[in-house]
Amino acid sequence: MCSGRVDLAFVLRAFSNGMDGVFIGGCRLNECNYVTHGNYHALNMVLLCRKIMEHIGLNPERLRIEFMSAGEGILFAEVMSEFGNKVKQLGPLGKGEGIDKNELKSKLAEITKLIPYIKMVKNEKLGSRLQNIEEYEKLFTSDEIYKLFSEVISYYIDPDKCQACMICLKKCPVEAIAGGKNQIHVIDQEKCIKCGTCFEACPPRFGAVKKISGEPVPPPIPEEERTIIRKSKKK
Ligand code: SF4
Ligand code: SF4
C-alpha cells in the first residue's frame, strides 16, 4: 500500500535472491494522504541502501526510487523502460561488478543480519524529511557507512558479574541468550541482532552486560563452568 512499508530487508532479500535491480515506486513527496509521509521513509532507506551497496562493491544504480501519481502512466512506462535498460547495461548482479558469487552472498547475509542494528543507529536520519536533491546527496556519506560497519557494537555477558537473574534472557527478542536458574548466561553472537535490550535490562547493581566495539568478543564460558555456587550453599 505504501512505499514506506518497503523495508531495507526487502531490498537486500531481492538482491540475495539474485535480482539484478530493484525499483520502488512511491507517491509524490508532500502529496501523501497520511501524516506519516511514508514515501520520505522509503527515500531515506534507499539513500542508505545505495551507500551500503557501494560499500560492499555493488553499483548503487541497481536500486532506484521514483515518485509519481497513479495517473502518470506514461511517466511510469518511461521510467521503467529506462531502469530496465540501465540494469541490462549493468549486467548480472555481482558479475557486472566483478564480485565473486559466494563473496557477494556472504556480504549480503552479513548486512542482512545487521539490519536491526543499522536501523537503530540510523533511526534519526531514516525519519528525516529532505527538501532538495543536495540534501539527498549528503544524508549518508561513504565515511559514515564505513564507520558504521567497522565500529559495530557487540554485547557480551561478563561471567564474573552475571547473577543469573534471567531478566535479559526473557527480554531478548530473538532468543539469543542461553541460561537458566543459577546458570551464568551467555549470548549466542550468531543469533544476536545487537538491539541492546540486554544491556539496558541488566540491573545496574550487576552491570554484567558489556558493550564491545573494535575488538573481538571473548569466547563464551564453557557449559560445565556456568553453574553459580551461591555463598550460602557453599557453607
Ligand atoms: S543485544 Fe539484543 S539480540 Fe543481542 S543478546 Fe542482547 S537482547 Fe538479545
Ligand atoms: S540480566 Fe544481567 S545478571 Fe541477569 S542474567 Fe542477564 S546478564 Fe546476568
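Structure's up top.
Everything numeric in this text was worked out from a predicted model, so none of it was measured.

It is worth spelling out the overall build of the protein chain at this point. What the protein chain contains, in helices and strands, is eleven helices and six strands. Its C-alpha radius of gyration of 22 Å places the protein chain more than 25% over the 18 Å reference for a compact globule of 235 residues. With the C-alpha coordinates aligned to their principal axes, the bounding extent of the protein chain is approximately 85 × 45 × 30 Å. A total of 235 residues make up the protein chain; the buried ones form 40% of that total. Taking contacts inside the protein chain between residues at least 6 apart in sequence as the whole, the part at least 24 apart equals 69%. Each charge class in the protein chain can be summarised by its mean position, and for the 35 positive and 30 negative side chains these summaries are 9 Å apart.

The next subject is the site of ligand 1. Lining the immediate environment of ligand 1, one finds 13 residues, of which Cys172, Cys192, Cys195, Gly196 and Cys198 sit closest. In terms of residue class, the shell around ligand 1 is built from ten nonpolar, two polar and one charged.

Grouped together as the largest cluster of nonpolar side chains are 41 residues, with contacts concentrated most on Leu8, Leu63 and Ile118. Among the elements that make up this core, the one with the highest residue count is helix α2 (residues 38-55) (ten residues). When neighbours within four sequence positions are excluded, Leu63 is seen to be in contact with Val11, Phe15, Val22, Ile24, Val46, Cys49, Arg50 and Met53. Membership of the second largest hydrophobic core comes to 18 residues, among which are Cys172, Ile184, Cys202 and Ile228.

Taken as a whole and judged by the stated rule, the model has ten salt bridges. Of the charged contacts in the structure, one is a salt bridge between Glu97 and Arg62, with a shortest N-O distance of 2.6 Å. Taken together, the residues span a long stretch of sequence, with Glu97 in the loop between α3 (73-90) and α4 (101-113) and Arg62 in the loop between α2 and β2 (63-67) at a distance of 35 residues. On the accessibility criterion, Glu97 (22% relative accessible area) is partly exposed. Two residues, Arg64 and Glu66, come together in a salt bridge whose shortest N-O distance is 3.0 Å.

This part is about the packing of helix α1 (residues 8-16) against α2. Axis separation between α1 and α2 bottoms out at 10 Å; the angle between their running directions is 40°. Judged on the interaxial angle alone, α2 and α1 are oblique. Crossing of α1 against α2: the hand is right-handed. On the side of α1, the interface is formed by Leu8, Val11, Leu12 and Phe15, while α2 contributes Met45, Leu48, Cys49, Ile52 and Met53.

Turning next to the packing of aromatic side chains. Taken as a whole, this structure holds three aromatic pairs when the rule is applied. Note on Phe23 and Phe83: the rings are 5.8 Å apart at their centroids and 50° apart in plane angle, and the pair reads as tilted. Within this pair, whereas Phe23 is found in strand β1 (residues 22-26), its partner Phe83 is found in helix α3, the two being separated by 60 residues in sequence. The same class applies to Phe23 and to Phe83, which are both buried. For the ring pair Tyr155 and Phe199, a centre distance of 6.0 Å and an interplane angle of 50° mean the geometry is tilted. Taken as a pair, Tyr155 in strand β3 (residues 153-157) and Phe199 in helix α10 (residues 197-201) lie far apart in primary sequence, 44 residues in all. Within the aromatic cluster, the residues linked to one another by ring pairs are Phe23, Phe76 and Phe83.

This paragraph deals with the layout of surface pockets. Here the largest pocket is characterised by a volume of approximately 460 Å³. Surrounding the largest pocket, 19 residues form its lining, Val46, Leu47, Arg50, Leu63 and Glu137 being those nearest its centre. Secondary structure elements with two or more residues in the lining of the largest pocket: α2, β2, α3 and α7 (133-139). Here the lining of the largest pocket takes six residues from α2, the largest share from any one element. Per-class residue counts for the lining of the largest pocket are eleven nonpolar, no polar and eight charged. If you go around the second largest pocket, you meet 19 residues; those closest to its centre are Met1, Cys2, Cys27, Cys32 and Tyr34. Among the elements of the structure, β1 and α2 are those that each provide at least two residues to the lining of the second largest pocket. By residue number, the principal contributor to the lining of the second largest pocket is β1, which donates three residues. Residues belonging to the lining of the second largest pocket are distributed by class as follows: nine nonpolar, eight polar and two charged.

Rules and cut-offs
- Residues numbered from 1 in each chain as written.
- Chains lettered and ligands numbered in written order.
- Predicted model: local features only at pLDDT ≥ 70, side-chain atom pairs only at ≥ 80, totals over all residues.
- Heavy atoms only, no water.
- Helix = DSSP H or I, 4+ residues; strand = E, 2+ residues; numbered from the N terminus.
- Rg over C-alpha atoms; globule rule 2.2 N^0.38 Å.
- Buried < 20%, exposed > 50% of the residue type's maximum accessible area, 1.4 Å probe, protein only.
- Contact = heavy atoms within 4.5 Å.
- Lys, Arg positive; Asp, Glu negative; His and termini not counted.
- Charge placed at Lys NZ, Arg CZ, Asp CG, Glu CD.
- Near = heavy atom within 4 Å.
- Nonpolar A, V, L, I, M, F, W, Y, C, P; charged D, E, K, R; others polar.
- Core = buried A, V, L, I, M, F, W, Y, C linked by side-chain atoms within 4.5 Å.
- Salt bridge = Lys/Arg side-chain N within 4 Å of Asp/Glu carboxyl O.
- Axes fitted to C-alpha atoms, helices over the stretch in contact; angles between N-to-C directions.
- Parallel < 35°, antiparallel > 145°, perpendicular 65-115°, else oblique.
- Left-handed = near helix turned anticlockwise from the far one by under 90°.
- Phe/Tyr/Trp six-rings, centres within 6.5 Å; stacked < 30°, edge-to-face > 60°.
- 1 Å grid on protein atoms, 1.4 Å probe; cavity = no way out; pocket = protein on both sides within 12 Å on 5 of 7 lines; lining within 4 Å.
- Points joined across faces, edges and corners; volume = space filled by probe spheres on them.

These figures capture arrangement, not role.
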